[in-house]
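Notes for the structure review
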Amino acid sequence: MPLVSDSACALGARQHGRPAGKGASLAVTSFNGNKIVTAGGGGALLADEAAPIGRARHLATQARDPAPHYEHTEAGFNLVMSAVLAAVGLAQLPALERRVAARRRIFERYAAALRALPGLSLMPEPGWARSTRWLSAMLVEPRRFGAHREALRRALLAEGIESRPVWKPLHLQPAFRHAPFAGGAVAAGLFERGLCLPSGSGMGAAEQDRVIATIAGLACA
Ligand SMILES: *Cc1c(COP(=O)(O)O)cnc(C)c1O
């Protein structure tokens with residue numbers, strides 16, 4: 001069975017020493033503006049085999065047959081990344097390891113300070129994996145912490161600090177309200193309690209201290 005891996009936000013992450021997505025028939029990474037390495041938009045398709053990449057390239061460049069005029073045996077798409085954006089992305093790739101290290105430092109700093117507060121748990125990392133910590137995410141247990149995730153988000157916002165709930169599961173999105181689904185309780189629970197803290201690679205210690213102080217100010221004594 002061909003396996004397609006959504007590795008959109010996992011560039012730089014590893015599991016069992018292998019880059020995330022490695023081993024899938026096809027892996028897709030994103031170079032969207034908010035990712036750890038960005039080209040302003042677009043992404044990359046990765047595969048060990050040349051054939052699916054050739055096929056994707058053919059479809060993404062209007063499925064033109066080899067002919068001096070425009071000849072199409074099948075309909076294609078015009079989805080190729082512009083050379084200018086590709087150059088922007090390529091120029092950033094050498095910075096990937098530095099950015100992963102910076103994000104991991106930010107996460108560790110949050111973890112060291114927030115672990116001591118009741119009802120907060122930072123996203124764990126299994127021993128066999130290296131997360132990029134693209135986002136520093138945590139769970140807020142409202143009864144033990146003393147405030148719901150949403151109250152915490154608003155308190156941060158009142159200090160001019162943007163944080164966000166973790167992604168809303170697809171089965172709870174109005175667009176898919178009629179779609180069948182199985183399970184979903186775990187994702188719904190994470191959405192209810194999860195919060196992503198500011199974690200840009202360029203974030204300074206003083207900025208982070210302000211986030212930590214605001215969170216600590218709301219915690220149960
Ligand atoms: C960012 C992201 C996407 C979307 O990528 P785009 O390049 O913006 O389309 C999809 N899946 C995951 C897991 C992501 O993090």
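To be clear, the structure that these remarks concern was listed above.
Every chain is numbered on its own, with residues counted from 1 as its sequence reads. Residue-level local features of this predicted model are given only where pLDDT is at least 70; pairs of side-chain atoms are given and counted only at 80 or more, and the full residue set underlies all totals for whole chains, interfaces and linings. Only hydrogens and water are set aside when side-chain values are computed; all heavy atoms of the structure are taken into account.

Here we come to the packing of aromatic side chains. Working definition: a ring pair exists when centres of Phe, Tyr or Trp rings (six-membered ring for Trp) sit within 6.5 Å. Plane angles under 30 degrees give stacked, over 60 give edge-to-face, the rest tilted. On inspection of all chains with the given rule, the structure shows 1 aromatic pair. The interplanar angle of 25° and the centroid separation of 6.2 Å between the aromatic rings of Trp134 and Trp167 together place this pair among those described as stacked. Linking Trp134 in the loop between strand S7 (129–130) and strand S8 (136–140) with Trp167 in the loop between strand S9 (164–165) and helix H6 (185–193), this pair joins segments that are 33 residues apart in sequence. Think of it in three bands: residues with accessible area under 20% of the maximum for their type are buried, residues over 50% are exposed, and the middle band is partly exposed, with areas taken using a 1.4 Å probe on protein chains only. We classify Trp134 as buried; its relative accessible area is 9%. Helix and strand definitions follow DSSP, with helices as H or I runs of at least four residues and strands as E runs of at least two, each counted in order from the N terminus.

Turning next to unusual backbone geometry. Residues other than glycine seldom take positive phi values, yet Gln62 does so here, at roughly 65°. A positive phi angle, close to 50°, is found at Arg133, a residue other than glycine. Summarising the element assignment, Arg133 is placed in the loop between S7 and S8. You can call Arg133 buried: its relative accessible area is 5%.

With that settled, the discussion passes to the packing of helix H3 (residues 96–114) against helix H7 (residues 205–218). The angle between two axes is taken between their N-to-C directions and runs from 0 to 180 degrees, where each axis is a line fitted to C-alpha atoms and a helix contributes only its stretch in contact. Following both chains from N to C, one finds H3 and H7 inclined at 35°, their axes separated by 11 Å at the closest point. Like other packed secondary-structure pairs, H3 and H7 cross with a definite hand, here right-handed. In this structure, H3 contributes Ile106, Arg109, Tyr110, Ala113 and Leu114 to the contact, and H7 contributes Ala205, Gln208, Asp209, Val211, Ile212 and Ile215. Per-class residue counts for the contact of H3 with H7 are 8 nonpolar, 1 polar and 2 charged. In this scheme, a crossing is called left-handed if the near helix is turned counterclockwise away from the far one by less than a right angle; it is called right-handed if the turn is clockwise. In what follows, a contact means two residues having at least one pair of non-hydrogen atoms within 4.5 Å. When residue character is reported, Ala, Val, Leu, Ile, Met, Phe, Trp, Tyr, Cys and Pro are called nonpolar, Asp, Glu, Lys and Arg charged, and the others, Gly included, polar.

Attention shifts here to the pairing of strand S10 (residues 194–197). Going residue by residue along S10, you find Gly194 and Cys196 tucked away on one face and Leu195 and Leu197 tucked away on the opposite face as well. In this scheme, strands are said to pair when DSSP sees at least two bridges between them. Here S8 pairs with S10 via 4 bridges, running antiparallel. Across the sheet, the residue bridging to Ser136 is Leu197, located in S10. Here S9 pairs with S10 via 2 bridges, running antiparallel. The residue of S10 that forms the bridge with Pro165 is Leu195.

What follows deals with the side chain of Ser5. Its place among the elements puts Ser5 in strand S1 (residues 4–6). Take Ser5: its relative accessible area is 17%, and that puts it in the buried class. Whenever two N or O atoms come within 3.5 Å, that pair is a polar contact, provided that in protein one can donate a hydrogen and the other can accept it, and provided that, for residues adjacent in sequence, both atoms are side-chain atoms. Side-chain polar atoms of Ser5 contact the side chain of Ser7, separated by 2.7 Å. Discounting residues that sit within four places of it in the chain, Ser5 has contacts with Gly21, Ala24, Leu26, Ala27 and Val28.

This part is about the nonpolar core. Grouped together as the largest cluster of nonpolar side chains are 22 residues, with contacts concentrated most on Tyr110, Leu114, Met138 and Ile215. For this core, the secondary structure elements donating two or more residues are H3, strand S6 (120–122), S8, helix H5 (149–158), S10 and H7. The biggest single contributor to this core is H3, with 5 residues. For Tyr110, the residues in contact, after removing those within four places along its chain, are Arg115, Leu122, Ser136, Leu197, Pro198, Met203, Gln208, Val211 and Ile212. To define a nonpolar core, start from buried Ala, Val, Leu, Ile, Met, Phe, Trp, Tyr and Cys residues and group those joined through side-chain atoms within 4.5 Å. Counting residues in hydrophobic clusters, the runner-up holds 8 residues, among them Leu11, Ile36, Val37 and Leu96.

By convention in these notes, a salt bridge is any Lys or Arg side-chain nitrogen within 4 Å of a carboxyl oxygen on Asp or Glu. Scanning the model with the defined rule gives 10 salt bridges in all. We note a salt bridge from Arg193 to Glu141, for which the minimum N-O separation is 2.6 Å. Of the two residues, Arg193 sits in helix H6 while Glu141 sits in the loop between S8 and helix H4 (142–145), which places them 52 residues apart along the sequence. Given a relative accessible area of 24%, Arg193 falls into the partly exposed group. Two residues, Arg149 and Glu150, come together in a salt bridge whose shortest N-O distance is 2.8 Å. If you follow the salt bridges from partner to partner, you end up with Arg149, Glu150, Arg153 and Arg154 in one network.

Moving on, we get to the environment of Cys220. Relative to the helices and strands, Cys220 resides in the segment after H7. For the pair Cys220 and Leu117, spaced 103 residues apart in the sequence, the C-alpha separation amounts to 8.0 Å. Setting aside anything within four residues of it in sequence, one finds Cys220 in contact with Pro118, Arg143, Arg144, Phe145 and Gly146.

Interpretation in functional terms is not warranted from these geometric data alone.
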